[in-house]
Amino acid sequence: MKFLLSVATAALSIGLTTAAPAIVWKAGSSPAAPSYISERSDTRSLLASTLNNDDSSEASTGLSAVIFLVERDADGSEGLVSMAASGKLPGVQEKHAHADSIHYHVDGVESSRTVARDARLSGGMNVVEVALDEFHRKLASLAQSEQDEEVVAEEAVVEGGKKVKKAEQKRRRAISEADILIVSVTDKDNAAAIDSSIVKAIDSKVVQNVILSSIRSTDEVKRSRRMAVVDKMNKSARSASAGRRRLDENNENNNDNGNQQQEEGVYYVNMTPNIFAGLLFFFMFVFVTHLGLSCMNMIEGQDVYVKKMPAIGREV
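This is a predicted model, so every value here is computed, not measured.

It is worth spelling out the overall build of the protein at this point. When you go through the protein residue by residue, the secondary structure sums to 13 helices and 10 strands. The proportion of buried residues among the 316 residues of the protein is 35%. In the protein, the share of contacts with a sequence separation of at least 24, taken over all contacts with a separation of at least 6, comes to 84%. Of the accessible surface of the protein, which amounts to about 20300 Å², a share of 55% is contributed by carbon and sulfur atoms.

Here it is as structure tokens:
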């Protein structure tokens, strides 16, 4: 019930802001209740605070983190809230009370690539994007001994009497050397498999941190980009006004301060009045030209031409 309430609260907050929720589980941490964080934070700071608390000796023998990202629905809406509200994640609901923290506003969760980039910059570790079956294969290989891993690595070159391609070998080598796995799941995947995979990662001793988040909806990404453009324009306007103020600070300090306050709410259009007038004139010129050519095309002459004209008075 608490899990559904948290998801509903996240859904309301997402509808009003441009951020995604994130649930964090840490190995060896057993808080009495998860800490609910409603302050806005970006993906890089969240990953840095989560990964920097790892025990280096334990992280070196396993995975530093596994990040589950729920992709958007078919209509472009956020997927984690719909899956949790429909009861497709019962195992995650049971593990919700043992979470370390729950973040309601995490910026920058636009795709698995952006999350992978932020993970590399924040932790400096090997990050690989994998599917569910690759995640299970990695988890099973970590559960084996080092000798068994070497035998599996040698046998992985040949499967079913056929040699594995070099691209597949390179892919498996990258996954075996990865410190952070980013697992992308969609609503087309089996919900029970997604739920069991998340629970298995939480209960695994070789995984230090588990993060469950969701890709922001298409409308939220567009709104965030528009806000970023407006903020950039406002900053450029403030910097320009600051430059003018430094030039005239001896005479017009008060006037410049008033101008800065007036320009803080200024929004910029995509074209100047001259450009707009030029476009209007161009469309008017095209319309008049088309109209004139159409009228000239309607002029008709006689169909029959004779060499001798009829006498005057005998035209009929």
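Evaluated as defined, the whole model comprises 2 cavities of 30 Å³ or more. Roughly 70 Å³ of internal volume is contained in the second largest cavity. Lining the second largest cavity are Ala22, Thr43, Leu46, Leu47, Ile67, Leu69, Val106, Val109, Val115, Ile211 and Ser213. Of all the elements in the fold, those that place two or more residues in the lining of the second largest cavity are helix H2 (43–51), strand S4 (65–70) and strand S10 (209–214). Here the lining of the second largest cavity takes 3 residues from H2, the largest share from any one element. Residue classes in the lining of the second largest cavity are distributed as 9 nonpolar, 2 polar and no charged.

Among the nonpolar cores identified, the biggest contains 31 residues, and Trp25, Phe68, Phe135, Val183 and Leu212 are the most heavily contacted of them. Once residues within four sequence positions are removed from consideration, Phe135 is found in contact with Val66, Phe68, Val130, Leu181, Val183, Ser197 and Ala201. Formed by 19 residues, the second largest nonpolar core is a distinct cluster that contains Val109, Val115, Ile211 and Ile215.

Glancing now at the side chain of Ser112. Tracing the sequence through the fold places Ser112 in helix H6 (residues 112–123). A distance of 3.0 Å separates polar atoms of two side chains, one belonging to Ser112 and the other to Glu129. Leave out the neighbours within four places in its chain, and Ser112 touches Leu69, Glu129, Ile182, Ser184 and Ile215.

About the criteria used
- Residues numbered from 1 in each chain as written.
- Predicted model: local features only at pLDDT ≥ 70, side-chain atom pairs only at ≥ 80, totals over all residues.
- Heavy atoms only, no water.
- Helix = DSSP H or I, 4+ residues; strand = E, 2+ residues; numbered from the N terminus.
- Buried < 20%, exposed > 50% of the residue type's maximum accessible area, 1.4 Å probe, protein only.
- Contact = heavy atoms within 4.5 Å.
- Areas by Shrake-Rupley, 256 points an atom, 1.4 Å probe, with all protein chains shown as cover.
- 1 Å grid on protein atoms, 1.4 Å probe; cavity = no way out; pocket = protein on both sides within 12 Å on 5 of 7 lines; lining within 4 Å.
- Points joined across faces, edges and corners; volume = space filled by probe spheres on them.
- Nonpolar A, V, L, I, M, F, W, Y, C, P; charged D, E, K, R; others polar.
- Core = buried A, V, L, I, M, F, W, Y, C linked by side-chain atoms within 4.5 Å.
- Polar contact = N/O pair within 3.5 Å; in protein donor to acceptor, adjacent residues only side chain to side chain.

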